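# A closer look at the structure
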Amino acid sequence: MSQKITVIGLGFVGLTTALGLAEKGHAVIGYDANLERGSQIAAGHVPLHEPGLETALAKHLGAQFSVAVTLREAVRDTETIFLCVGTPCSEDGAADLSILQEAIHQIVDVIADDDYRLLVIKSTVPPGSTAKTLQAFLVESAGARAPQFGLATNPEFLREGYAWGDFMYPDRIVIGVNGDRDWVRLAAIYAGFDAPVHRLTPSEAEFVKYLSNTLLATLISFSNEMSMVALRIGDIDIPRTFNILHQDKRWFGYPAGMASYVYPGCGFGGYCLPKDTQALACLASTLGMKPDILNAVIETNHRIKMTAIERIAAVSVPQHVIGILGLSFKPDSDDVRDSPAKDIIQGLLSRGYERILAHDPLAIANFAAAYSFPITYRNDLDVLIQVADVLVITTAWCDYRDLRILAGGKSIVDLRYCLA
Ligand SMILES: NC(=O)c1ccc[n+]([C@@H]2O[C@H](COP(=O)([O-])OP(=O)(O)OC[C@H]3O[C@@H](n4cnc5c(N)ncnc54)[C@H](O)[C@@H]3O)[C@@H](O)[C@H]2O)c1
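Sequence order sets the numbering: in each chain, residues are counted from 1 along the sequence as written. pLDDT decides what is reported in this predicted model: residues at 70 or higher carry local features, side-chain atom pairs at 80 or more are listed and counted, and totals for whole chains, interfaces and linings draw on all residues regardless. For the side-chain quantities, the full set of heavy atoms in the structure was used; hydrogens and water were omitted.

### A closer look at helix α9 (residues 202–233)
What counts as a helix is a DSSP run of H or I of at least four residues, what counts as a strand is a run of E of at least two, and both are numbered from the N terminus. Expected span of a helix: the number of residues minus one, times 1.5 Å. End to end, α9 covers 46 Å across 32 residues, agreeing with the expected 46 Å (1.5 Å per residue, within 8%). Taken together, the buried positions of α9 are Pro-202, Ala-205, Glu-206, Lys-209, Ser-212, Glu-225, Met-226, Ser-227, Val-229 and Ala-230. Note on exposure labels: buried denotes an accessible area under 20% of the residue type's maximum, exposed denotes more than 50%, and partly exposed covers the range between, all computed with a 1.4 Å probe on protein chains only.

Here is the structure:
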């Protein structure tokens, strides 16, 4: 159903959002504090380079889309207000939310009636900003009128240069809300889009956006660090090697996609990743470089195992029987070389845990032969579950998928985040 929507800030994200929602049949009114920008748009000119927007503006201007000259006019008759203003970096590196706060303050100030308004943060803000900072700011600005305003988050994933296509054909729509009323309204606004619409908390929605952007940044910096290593080694055609890297079937999801590598767990292991990462970091250092990303990868792989031990210790005491589920470094393998389970068991033993039971569908014999730990191996999963006080998943075997049901309320530490 068509809704009345305001979009505040008509830059890349705001103008695209406004026209995209107009294209879906909503009645959209836009406003930009830069009045020159607003009047250019009102005259049918798109003040930035973004293919597709010119046509969309020509189609909707004066019909589904209009530009307000004042903020009061922009918010007077609408129910939902999307905020698409900038969130630059402050001097200390933190996100500067002041432009956003100023916009919220102005909106609250100019609304004279007492109808409910939903403010939707489309600007990118660090996880926790809406719940911790912006909600408090809104309440402070609105005073006794605070219940009249809702606050939700709806991060945007469009790419400049492809903004129109990305907005109109999104891969996912992420909505962070505090309650059903706001959810129903935002879900209805996006009902015309052919994409999964996810209901999350505001902090989760913000986190998804930062997961996305920081991963992309990490991939770029990783590639650049590798290009510097290659330059130093010499005799390497850098674009050629990267183009061959891109032929890896896993990028295209076959037989199992790259996504499985972008998932948290308790560390990488096995014969290849630990030693090869270490060896390239070592070679780069020998050549006089400081491969920060490779070193950080190795350090993080150590720290995640220490964190795993802390997580187990937080729900147990050394007298407890700890059931370790999974000894191979990954499911469907009996390879136990550099398996995270090894470091985790070692860490527990050094903290005085003496009653450790371990299970694995394939790798018990290899593990027992490789590491002479004073622990008990159990082939029978049911018996282990019965005897253990705390169950720890160290390898994401399918066999453990129903552990919550099988464990009957016992403490579970799912280090692979594999349980539903
Ligand atoms: N550019 C991208 O590719 C992209 C993609 C996803 C998310 N984002 C995020 O979206 C937000 C906006 O990004 P952008 O690139 O569209 O920024 P932008 O600078 O192009 O546009 C912001 C607009 O907001 C206007 N504005 C500022 N204060 C205002 C106020 N109080 N009232 C009305 N208008 C006001 C500015 O005049 C400007 O035109 C940022 O948080 C950004 O991180 C950007």
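### A short note on the site of the ligand
Any residue with a heavy atom positioned within 4 Å of a molecule or strand is treated as near that molecule or strand. Around the ligand, the surrounding shell holds 23 residues, and the nearest of these are Val-13, Asp-32, Thr-87, Thr-124 and Glu-160. Within the backbone of Val-13, one N or O atom sits 2.9 Å away from an oxygen atom of the ligand. Nitrogen and oxygen atoms within 3.5 Å of one another constitute a polar contact, given that in protein one can donate a hydrogen and the other can accept it, and given that sequence-neighbouring residues count only through two side-chain atoms. Here a nitrogen atom of the ligand sits 3.1 Å away from a polar atom, N or O, in the side chain of Gln-106. Using the Shrake-Rupley algorithm and a 1.4 Å probe, accessible areas are obtained, with residue cover drawn only from the displayed protein chains. Starting from 830 Å² of accessible surface for the ligand in isolation, the protein chains cover 78%. Counting residues per element, the ones that place at least two in the shell around the ligand are α1 (12–23) and α5 (98–110). If you tally residues by element for the shell around the ligand, the top one is α5, at three residues. Among the residues forming the shell around the ligand, the class breakdown is 10 nonpolar, eight polar and five charged. Only Asp, Glu, Lys and Arg are considered charged, only Ala, Val, Leu, Ile, Met, Phe, Trp, Tyr, Cys and Pro nonpolar, and every remaining residue, Gly among them, polar.

### Observations regarding the state of the cysteines
Disulfides are defined as pairs of cysteine sulfur atoms found within 2.5 Å of each other. Applying the stated criterion across every chain, the model contains zero disulfides. A disulfide-free cysteine, Cys-282 has its sulfur positioned 18 Å from the sulfur of Cys-272, the nearest such atom. With relative accessibility at 47%, the residue Cys-282 sits in the partly exposed group. Cys-398 provides the cysteine sulfur closest to Cys-418, a residue in no disulfide bond, and the two sulfurs are 9.1 Å apart.

### Some thoughts on the pairing of strand β12 (residues 390–393)
Walk down a regular strand and you will see the side chains alternate between the two sheet faces. Burial along β12 is two-sided: Val-390 and Val-392 and Leu-391 and Ile-393, pointing in opposite directions, are all buried. In the sheet, strand β9 (residues 322–325) pairs with β12 via four bridges, with the strands oriented parallel. Bridge pairing in β12 links Gly-323 to Leu-391. Pairing between two strands is assigned when DSSP locates at least 2 bridges connecting them. Bridge count for β12 against strand β13 (residues 411–414) is four bridges, and the pairing is parallel. Residue pairing in the sheet places Ile-393 in a bridge with Asp-414 of β13.

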